[in-house]
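As a plain string of letters, each chain reads:
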Amino acid sequence: MIQLTNVSKSFGEQTLFRDLNLKMGSNQKIGLIGRNGSGKSTLFKIILGEESHDLGDISIPKNYKIGTLRQHLSFSKPTVREECSLVLSEEEQYNFYKIEKILFGLGFTNEDLEKDPMSFSGGYQIRINLAKLLATEPNMLLLDEPTNYLDLLSLRWLKEFIRTFDGEVIVITHDREFMDAVTTHTMGIQRKMLHIIQGDTKKYDDNLKLSDETYEKTRQNQEKKRKELEEFVAKNKARASTASLAQSKQKMLDKMEDMDKLESESNLSFNFNYKETPAKVILRAEDLGFGYEEGKKLFSNLSFTLEKGKRLAIIGKNGKGKSTLLNYISGELEKEDGELKFHPSTSMAHFGQTNIERLNNSSTIIEEISSVSLKIGIAETRSICGTMMFTGELADKKISVLSGGERSRVMLGKIIATESNLLLLDEPTNHLDIYSIDSLCNAIESFQGSTIMVTHSEMLLRRLADALIIFHKDRAEYFDGTYDEFLEKIGWEEDGVVNQKPKDSKPKIDNREKKRLRKEMVQKRSKENAPHKKEFEFCEEKIMELEEELENENKRLVKASNEADNSTLIEASKKIGELQREIDELFERLEVASENLEEIEERYAIELAKF
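Please read these numbers as outputs of a predicted model, since none were measured by experiment.

Reading the values: rules and limits
- Residues numbered from 1 in each chain as written.
- Predicted model: local features only at pLDDT ≥ 70, side-chain atom pairs only at ≥ 80, totals over all residues.
- Heavy atoms only, no water.
- Helix = DSSP H or I, 4+ residues; strand = E, 2+ residues; numbered from the N terminus.
- Buried < 20%, exposed > 50% of the residue type's maximum accessible area, 1.4 Å probe, protein only.
- Lys, Arg positive; Asp, Glu negative; His and termini not counted.
- Salt bridge = Lys/Arg side-chain N within 4 Å of Asp/Glu carboxyl O.
- Polar contact = N/O pair within 3.5 Å; in protein donor to acceptor, adjacent residues only side chain to side chain.
- Contact = heavy atoms within 4.5 Å.
- Pairing = 2+ DSSP bridges.
- Axes fitted to C-alpha atoms, helices over the stretch in contact; angles between N-to-C directions.
- Core = buried A, V, L, I, M, F, W, Y, C linked by side-chain atoms within 4.5 Å.
- Phe/Tyr/Trp six-rings, centres within 6.5 Å; stacked < 30°, edge-to-face > 60°.
- Lys NZ or Arg CZ within 6 Å of the ring centre and 35° of its normal.

*Asks:* Explanation requested: the side chain of Arg409 in the structure shown.
*Replies:* Structurally, the position occupied by Arg409 is in helix H13 (residues 404-416). Although Arg409 is buried, it makes no salt bridge; Glu406 carries the closest opposite charge, 4.6 Å away. For Arg409, the side chain forms a polar contact with the main-chain oxygen of Met388, separated by 2.8 Å. With residues near it in sequence (within four places) discarded, Arg409 still touches Leu268, Met388, Met389, Phe390 and Leu432.

Structure representation (structure tokens):
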């Protein structure tokens, strides 16, 4: 298992973290949390050797493989089979069975193996990367935001995969519910230090809060004691009768360790700006239909009613039309089928990817937020900036230099500045950390108006949604009920495998025994492979030799023919025939050796898969 001892990292004058200590246990699955910019991804890079650290030691056992699932997807081969085979070692170059077995386990069909990796949805592209990762047989996985851009079904599948992975895992994710479902421990980078507990994120937060309260009480008591000692020394050091006692108290003062005040961490805390409305029904949608292509609708005959205070979630697979429906409701797309009837007093605030992309890069944060309304003055604008964690000079930063998370907070700031009674939110949790998402949920819960949101977060769905529009079964369907009620009454048509528990097989063998048996099996395979591999290499080398000789004899034949040299012509023709027969025989031997190698690899792959 890996071990970190007093690891520290700084960039210039900014200290990311200091004296981090971690010793992982067998099969531990750790959720790593912390605010954006606290150094979570940097810590991953340090463990992987992609980033240097300033101080401390990192111990990784010999032959202990650490695999990571990249956020950015990049494929270079035309088929899934070829793409995944890239990771096979030289000695496993014939072992296509290994790749196929993993891909089938991840939900791919035989036909899928010959398709272009880029033709699959984001969720299945993540699975292709997972297949490549698993083929390297890692002992440990480092997963940095693996939930980004995955739809609900892919998230539910990934959750089950991490739970049953035989090895160690550290996962970074902004989805609190997902993290708690797959981890045994929670670890956080807070105030540049590393804290770890056994349990979920709530237990971690409770422990940290209690620890902070205990520290603060101790610090205050120490400050009080220090003040009393200082006053005693000041009053008594000049008196002969009490000088020795004052000197003793001074020694006590000198030995007292300084306890600094805890650094406060910025919290996102806000409420949306509600605009009063007499409406009981904010919106009626009747027989809505829309499609970008002629004769192909993303949704059709969709009807629903949105009452004041109702929170409606739009869910389903990626690419089915969820964001399109939200943009259609907001008026960003031209009307096609059906009718949208808003109450005259309805006022919308729209958080969407298109809105974030429209932020003016040349504007400052404060200029962008103040552009929403002429009603808000500079003081109120600065207050909103502060709420979004852009205090003081930070509010004067240009939009062009902001990260994805900072841009999301600017967009939230613009919505806060907008008086509204209908919120339209498209994946509002992307780029926000766990604590900011908690604040967003609190703000939506306290909002008196109505909300329509697109989300893949089961935590948000369970906490906020009281009605759903589900994109499934090739249509969009309105469901008047909670997410759990939907799962109980209808459920995902492709979700059957998620809740299936693996059948108990023979008793588990411990890891050391597994490694010994596996090593013996690999040695046995190599021994059985050896004569066939030797035959394969001999035939390959000899064929190349004879084909070069054949080419020379052909040239000799052409020359003899041009010069009418009959004796050489006969001799060259005879030699060419002999060479061709020998080459054909070698090709037959090569094919037999190749088939033997493939048969052995396939047979041992089945046995090795057990370990």
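From this point on, the discussion continues.
*Asks:* When you look at the sheet that holds strand S9 (residues 193-198) in this model, what are you seeing that I'm missing?
*Replies:* For sheets, the rule is that strands pair by backbone hydrogen bonds, running either parallel or antiparallel. With mixed pairing, six strands are arranged side by side in an open sheet as S5-S6-S7-S3-S8-S9. Of all strands in the sheet, those with a lone pairing partner are strand S5 (66-69) and S9, marking the two edges. This sheet shows a mean twist of 20° between the axes of neighbouring strands, independent of strand direction. Taken together, the four bridges between strand S3 (residues 29-33) and strand S7 (residues 168-172) define a ladder with parallel strand orientation. Pairing of Ile30 across the sheet is with Ile170, part of S7.

*Asks:* Just to check I follow, could you spell out the side chain of Gln190 for this structure?
*Replies:* Inspection of the secondary structure assignment puts Gln190 in strand S8 (residues 185-190). For Gln190, the side chain forms a polar contact with the side chain of Tyr204, separated by 2.5 Å.

*Asks:* I keep staring at helix H1 (residues 40-48) and nothing clicks. Help me out?
*Replies:* Helical geometry note: an α-helix holds 3.6 residues per turn, so side chains three or four residues apart project in the same direction. Listing the buried residues of H1 in full gives Lys40, Thr42, Leu43, Phe44, Ile46 and Ile47. Just downstream of H1 lies Gly49, where phi reads positive at about 80°.

*Asks:* I tried to follow the sheet that holds strand S11 (residues 299-307) on my own but got confused; where do I start?
*Replies:* If you walk across this open sheet you meet the three strands as S11-S10-S13, and the pairing is antiparallel. Across the chains shown, the open sheet's two edge strands, defined by having one partner strand only, are S11 and strand S13 (337-342). Going from strand to strand, the sheet's axes swing by 5° on average, the running direction of each strand aside. Judged from the five bridges that link them, strand S10 (residues 281-290) and S13 form a sheet pairing that is antiparallel. The residue bridging Gly289 from the neighbouring strand is Asp337, located in S13. The sheet strands contacting helix H9 (residues 322-330) are S10, S11 and S13, and the helix crosses S10 at an angle near 120°.

*Asks:* Please explain the nonpolar core as it appears in this structure.
*Replies:* Nonpolar side chains in soluble globular proteins generally cluster together in the buried interior. Counting 51 residues, the largest nonpolar core has Phe270, Phe272, Ile315 and Leu468 as its most contacted members. When residues no more than four places from it in sequence are discounted, the contact partners of Leu468 are Leu312, Ala313, Ile315, Leu461, Glu477, Tyr478, Phe479, Gly481, Thr482, Tyr483 and Phe486. In this structure, Val80, Ile126, Leu134 and Ile162 belong to the second largest nonpolar core, which totals 32 residues.

*Asks:* Can you help me understand the pairing of strand S12 (residues 311-316) in this one?
*Replies:* The two faces of a sheet get side chains in turn, since along a regular strand they alternate between them. S12 sits mainly inside the fold: six of its six residues count as buried. A two-sided burial pattern is seen for S12, the buried positions comprising Arg311, Ala313 and Ile315 on one face and Leu312, Ile314 and Gly316 on the other. Pairing of S12 with strand S16 (residues 450-454), which is carried by four bridges, proceeds in the parallel orientation. Following the sheet pairing, Ile314 is matched in S16 by Val454. Alignment of S12 against strand S17 (residues 467-472), held across five bridges, turns out to be parallel. Across the sheet, residue Ile315 finds its bridge partner in S17, namely Ile470.

*Asks:* Where do I start with the packing of aromatic side chains in this structure?
*Replies:* Remark: the centre distance and the inter-plane angle together describe each pair of aromatic rings, the angle taken between the planes. Applying the stated rule across the entire model yields 14 aromatic pairs. Between Phe299 and Phe471 the ring centres are 6.4 Å apart and the planes differ by 80°, which places this aromatic pair in the edge-to-face class. Here Phe299, found in strand S11, pairs with Phe471, found in strand S17; they are 172 residues apart in sequence, far enough to count as distant. Overall, the relative accessible area of 1% leaves Phe299 in the buried class. Exposure remark for Phe471: the relative accessible area of 5% places this residue in the buried category. Between Phe304 and Tyr478 the ring centres are 6.0 Å apart and the planes differ by 20°, which places this aromatic pair in the stacked class. Note that Phe304 is positioned in strand S11 and Tyr478 in strand S18 (residues 475-479), a separation of 174 residues in sequence. The exposure class assigned to Tyr478 is partly exposed, which follows from its relative accessible area of 24%. Grouped by ring-pair contacts, the aromatic residues Phe290, Tyr292, Phe299, Tyr328 and Phe471 constitute a single cluster. Just above the ring of Trp157 sits the side chain of Arg127; from NZ or CZ to the centre is 4.3 Å. We note Lys249 situated over the ring of Phe232; from NZ or CZ to the ring centre the distance is 5.7 Å.

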